[in-house]
Amino acid sequence: MKLYNTMTRRIEEFVPIVPAHVSMYCCGPTVYNYAHIGNLRTYIFEDILKRTLERAGYTVRHVMNITDVGHLTGDGDDGEDKMEKSARETGKSVWDIAAFYTKAFFRDEEALNIIRPDVVCKATDHIQDMIALIKRLEDGGHTYTSGGNVYFSIDSIPDYGKLARLNLSDLKSGARIEVDSNKKNPKDFVLWFTNSKFQGQAMTWDSPWGVGYPGWHIECSAMSMKYLGEHFDIHCGGIDAIPVHHTNEIAQSEAATGKTWVNYWCHGEFLLMGNAKMSKSSGSFVTLPVLEEAGYNALDYRYFCLTGHYRSQLRFSYEALDAARSARQSLMEKISALKSEATESKDPGEGAKAYMTAFDEAMENDLGAPQALSVLWKMIKDSTLSSSDKLAAAYHMDAILGLRLSEAESRKEETVGSADDLRLLAERTAAKKAKDFKRADEIRDELKKRGYNVKDTPSGAILERIV
RNA sequence: GGUGCGAUACCCAAGUGGCCUAAGGGGGCGGUCUGCAAAACCGCUUUUCAUCGGUUCGAAUCCGAUUCGCACCUCCA
């Protein structure tokens, strides 16, 4: 299994800390709003990574956090809590907001056939773990208190910014924002707030430094170490997390333990909307339910994501999504036909196995999903393979692709349409036989109005729901 | 101002020194089948990889310049 590691900027052979086992932490959603399809692209990438690791023979322990304490918005470390803002705008409590959007998030994940992580941990359930970690940093001399807040001092460690390859002297902190005057170094960041210029925070906890709430980065360090240990294999997220969030996570985690924290850093690229990235803060964004209401299946979006490499920007457009939908529907149609032709389930023959191997090789080479998908199509169209072999190979591939191919309806079992619809269909068949084509076409039009296409297959006419 | 990344045929998108006269999908066109359609199947849409120059026996792939686009240095997947 080969993976691109952001830390080394190279594709490396993956070597786990514990043989045959992978510990993987993924930055989860901040639940103050719906996830948009750009967010979801990253979770699809992580799901594909996990499935591929399992195919490669590893047992994966997958941990994801839910940021329900809210990251801040606006200027520097002293902004307004997004959850507070959302709560104020909707008139609900911050706890209600978090619960509502957490539920919505997992509904989207389910629709996209993303396997639920082994551990899903909420920040608000782990405040004591964060406090303990901050205490440890304080004892190690990595913190200072200023203006009521506890800061992490980046000058207390030798290699701050190594993931992002930040050149500290060239950075213009404050080029776009005002620097917090309490900071000794502009890149220092808050571990614990007791002093916010926004009063009336609903979420506060007691701590050795006073009543307040944790900074943005400490939750991922505290929870990942709690569930995966102080040294684990893979940490995932979106590329935007590299220069600040992951950089600070590394700083505080390695300062606390004094050793390497994570071996492999994997980042998913952005989904572009037109020519710009999709973002929550810009106000307008597309969610999965928006696509579903427009008549797309969530899996059309999953397929769309698979057509591009996870480390390349992918441009979203409805034209591209239409293409993905056509391709996926055609694939389901072919699987459906194979299901009715396949005779017995046995070990696939050599020809099919060659495709399966090519598929796995593409996936295990830094997740070459687009190439893997092309292997699937070539296999499907290979006339030298039996239907049984094709079906077995397709299922093997779908264990990673996650397109729910096995749920394609078999033509044999297909019973689309009500009794009345089927009676009409039979009447059309009779009319055709009697060469009453006028009547036959009338019935076909009527069925179309009812939402079905009529398909004349070698084994007789069938109905297909118009999507 | 600094730092990364990208530009591939009608569209999306792989490929990163010879197996590339560029995978796969979508769309379009033509054909087979059909009473006609739809579906299915077959073929075409492809000597071409932003531009210019260089390295090399050989470049979409490496180097340099140019143009355009994106991202990050503020929260963001």
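Preceding this paragraph is the structure being described.
Structure report, in brief. (Residues numbered from 1 in each chain as written. Chains lettered and ligands numbered in written order. Predicted model: local features only at pLDDT ≥ 70, side-chain atom pairs only at ≥ 80, totals over all residues. Heavy atoms only, no water.)

Some words on the overall build of chain A
Here is step 1 of the chain: When its secondary structure is counted, chain A shows 14 helices and 18 strands.
Here is step 2 of the chain: Here chain A holds 467 residues, and the buried ones make up 52% of them.
Here is step 3 of the chain: For chain A, the proportion of contacts with a sequence separation of at least 24, taken over those separated by at least 6, is 76%. (Helix = DSSP H or I, 4+ residues; strand = E, 2+ residues; numbered from the N terminus. Buried < 20%, exposed > 50% of the residue type's maximum accessible area, 1.4 Å probe, protein only. Contact = heavy atoms within 4.5 Å.)

Here's the deal with the sheet that holds strand β9 (residues 149-152)
Here is step 1 of the chain: One open sheet accounts for 4 strands, arranged β8-β9-β10-β11; its pairing is antiparallel. Of all strands in the sheet, those bounded by a partner on one side alone are β8 (143-146) and β11 (213-214).
Here is step 2 of the chain: In terms of strand pairing, β9 meets strand β10 (residues 189-193) through 3 bridges, oriented antiparallel. Counted as the bridge partner of Y151 is V190 from β10.
Here is step 3 of the chain: Most of the contacts of helix α4 (residues 127-139) go to β10, to which it runs at about 125°, and overall it touches β8, β9, β10 and β11. (Pairing = 2+ DSSP bridges. Axes fitted to C-alpha atoms, helices over the stretch in contact; angles between N-to-C directions.)

Here's the deal with the pattern of salt bridges
Here is step 1 of the chain: Counting across every chain of the model gives 28 salt bridges.
Here is step 2 of the chain: Put simply, E13 and K2 hold a salt bridge, and the shortest N to O gap is 3.8 Å. Here the residue E13 occupies a position in strand β2 (residues 10-13), and K2 occupies one in strand β1 (residues 2-5), the gap between them amounting to 11 residues.
Here is step 3 of the chain: Of the charged contacts, one joins E230 and K259 as a salt bridge, the two residues approaching to 3.4 Å between their closest N and O atoms. Here the residue E230 occupies a position in the loop between α5 (218-228) and β12 (232-238), and K259 occupies one in the loop between α6 (242-257) and β13 (262-268), the gap between them amounting to 29 residues. (Salt bridge = Lys/Arg side-chain N within 4 Å of Asp/Glu carboxyl O.)

Considering the packing of aromatic side chains
Here is step 1 of the chain: Evaluation of the coordinates by the stated rule reveals 18 aromatic pairs.
Here is step 2 of the chain: Aromatic pair F45 and Y310: ring centres 4.5 Å apart, planes at 5°, arrangement stacked. With F45 in helix α1 (residues 37-55) and Y310 in the loop between α8 (298-306) and β16 (314-316), the pair connects residues that are 265 residues apart, well separated along the chain. Accessibility assignment for this pair places F45 and Y310 in one class, buried.
Here is step 3 of the chain: Centroid distance W192 to W209: 6.3 Å. Interplanar angle 45°. Geometry classified as tilted. Highlighted residues: W192 in strand β10 and W209 in the loop between β10 and β11, separated in sequence by 17 residues. Comparing W192 with W209 shows no difference in burial state: the two are buried. (Phe/Tyr/Trp six-rings, centres within 6.5 Å; stacked < 30°, edge-to-face > 60°.)

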